[in-house]
Amino acid sequence: LFDGIYPFYPQQRKAAGFNISTTIVIVVFLTLACSFLLIIPGIRGRARLYWTLRVLLSLFVGVVIVVVQFTGDWETGWVQANTSYKSFSHAVVSADIGLHIGLSGVNVTLKGNPVNQINETINYNEHFSWSFDADYDHNYNQGLEKGLPSPILYVAEKFTSQSPCAVHRQYCISGHYASATLWVAFCTWIISNILFSMPALVYGGYMLLITGAFTIFSLLSFSTVRNSPMCLIQIGTATLHVAYGVSFWLTLVIGLLCFVAAITIVALHHLNLDLLKTFFDLREDKAEEYQEMAEVYVNPHFVNKEL
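Residues numbered from 1 in each chain as written. Predicted model: local features only at pLDDT ≥ 70, side-chain atom pairs only at ≥ 80, totals over all residues. Heavy atoms only, no water.

Note the following rule: UniProt positions are given in the numbering used here, feature names are shortened, and annotations may be inferred rather than shown by experiment.
By the naming in an unreviewed UniProt entry, the protein is DOXA2 factor, taken from Sapayoa aenigma. According to its UniProt record, the protein has this under Subcellular location (unreviewed entry): "Membrane". One UniProt comment on the protein, placed under Sequence similarities (unreviewed entry), says "Belongs to the DUOXA family."

What follows is the structure, given as structure tokens:
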């Protein structure tokens, strides 16, 4: 005790409203999109629609591949329960407890229902990282020293390396490989855009196909965590269950979108090249292509000269 007060935060804690890395990535891609929209009026005819569709879809694929690296909702779960709030206290609060699992760690959310209870504001969002440059157990011990609420420490303890649940190693390895394959997918996405601009359309389609493949590989890597049975997270009389979150399903949509776009491009290259060139604004004007010269000027000196 410190002057009769339990060792807790000296100031009111506030839940994180956004992720800084995610915000930076979104702002960068929005800047690129806005820059393109400024020059779109200079493109004439139907090509304007084709350019808009290609660029916005490409930017959407790129931003999703990067953003899901930093999000924390690959797996999510929520439960409402009546639970103890602090250690060495009999106070019970009604709260919503959330678990958000990402590629680099977990976020545990505790929000009172209502927020103001027992003369305190109950609204927490704590992150525990297992990335290469972080030590999850050390982060958990820091949470103990700070005096985090009991529900947060209870949920976070399930993912420590010493926990009987034994899911820490599986989540670390799966998250690291999923992140690595997504970065490879981002590199192949850049190469595909370069090939489309050269233009080498069929090779750009092949590279987009590889982008979709590595995106799906990341999902397969992360889904291997289901091979390890998850311990029951019992909070009061309620049980917290997790399921695949928004980032997982959004990554799946991007992978399938890359597959569909790549197969369409490769098929059009072999079946209807003119249509593909029209979509990429590469088809030459037929009148100019087959235009015949109206007059020919010949130098008599070269005509009479023996070759």
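1. Overview of the nonpolar core
Heads up, the rule is: In this description, a nonpolar core means a group of buried Ala, Val, Leu, Ile, Met, Phe, Trp, Tyr and Cys residues linked to one another through side-chain atoms lying within 4.5 Å. Burial here depends on accessible area, computed with a 1.4 Å probe over protein chains only, as a share of the maximum for the residue type. Under 20% is buried, over 50% is exposed, and the range in between is partly exposed. The way it works is that DSSP assigns letters per residue, a run of H or I at least four long becomes a helix, a run of E at least two long becomes a strand, and they are numbered from the N terminus. What makes two residues a contact is simply this: any of their non-hydrogen atoms within 4.5 Å.
Core analysis: the largest hydrophobic core is formed by 63 residues, its most contacted members being Leu99 and Phe159. Ranked by residues supplied to this core, first place goes to helix 2 (residues 47–67) with nine residues. Excluding its chain neighbours within four sequence positions, the residues that come into contact with phenylalanine 159 are Leu99, Ile101, Val106, Trp130, Tyr136, Val167, His168, Tyr171 and Met230. Within the second largest apolar cluster, five residues are counted, among which are Leu201, Ile265, Leu276 and Phe280.

2. Some remarks on a nonpolar patch on the surface
Where we set the bar: Exposure above 30% relative accessible area and the lack of any salt bridge qualify a residue for a patch; like charges then connect within 9 Å, and the nonpolar side chains Val, Leu, Ile, Met, Phe, Trp and Tyr within 5 Å. Only the protein chains shown count as cover for residues, with accessible areas throughout obtained via the Shrake-Rupley method and a probe of 1.4 Å. Should a side-chain nitrogen of Lys or Arg be within 4 Å of a carboxyl oxygen of Asp or Glu, the pair is scored as a salt bridge.
On the surface, Ile20, Ile24, Val28 and Leu32 cluster together to form a nonpolar patch covering roughly 380 Å² of accessible area. Following the sequence through the fold, isoleucine 24 ends up in helix 1 (residues 20–39).

3. Structural notes on helix 7 (residues 246–271)
Cut-off, in case you're wondering: Multiplying 1.5 Å by the helix residue count minus one yields the expected span of that helix.
Taking 1.5 Å per residue, 26 residues should reach 38 Å; helix 7 reaches 37 Å between its end C-alpha atoms and fits that length. When we look at burial in helix 7, the residues that qualify are Ser247, Phe248, Thr251, Ile254, Gly255, Cys258, Ala262, Ile265 and Val266. Those residues of helix 7 hidden inside the fold are in contact with helix 2, helix 5 (168–197), helix 6 (201–223), strand 7 (243–244) and helix 8 (273–279).

4. Description of the packing of helix 3 (residues 136–146) against helix 4 (residues 150–157)
The test is simple: Axes here refer to lines fitted to C-alpha atoms; in helices the fit is confined to the stretch in contact. Angles between the N-to-C directions go from 0 to 180 degrees. Working rule for angles: under 35 degrees goes down as roughly parallel, over 145 as roughly antiparallel, 65 to 115 as roughly perpendicular, anything else as oblique. By definition, any crossing whose near helix is turned counterclockwise from its far helix by less than a right angle is left-handed, and any crossing with a clockwise turn is right-handed.
As a packed pair, helix 3 and helix 4 sit with axes 11 Å apart at the nearest point and diverge in direction by 165 degrees. What the angle tells us is that helix 3 and helix 4 run roughly antiparallel. Helix 3 and helix 4 meet at a crossing whose hand is left-handed. Counting all contacts with helix 3, which are made through Tyr136, Tyr140, Gly143 and Leu144, the residues of helix 4 involved are Leu153, Ala156 and Glu157.

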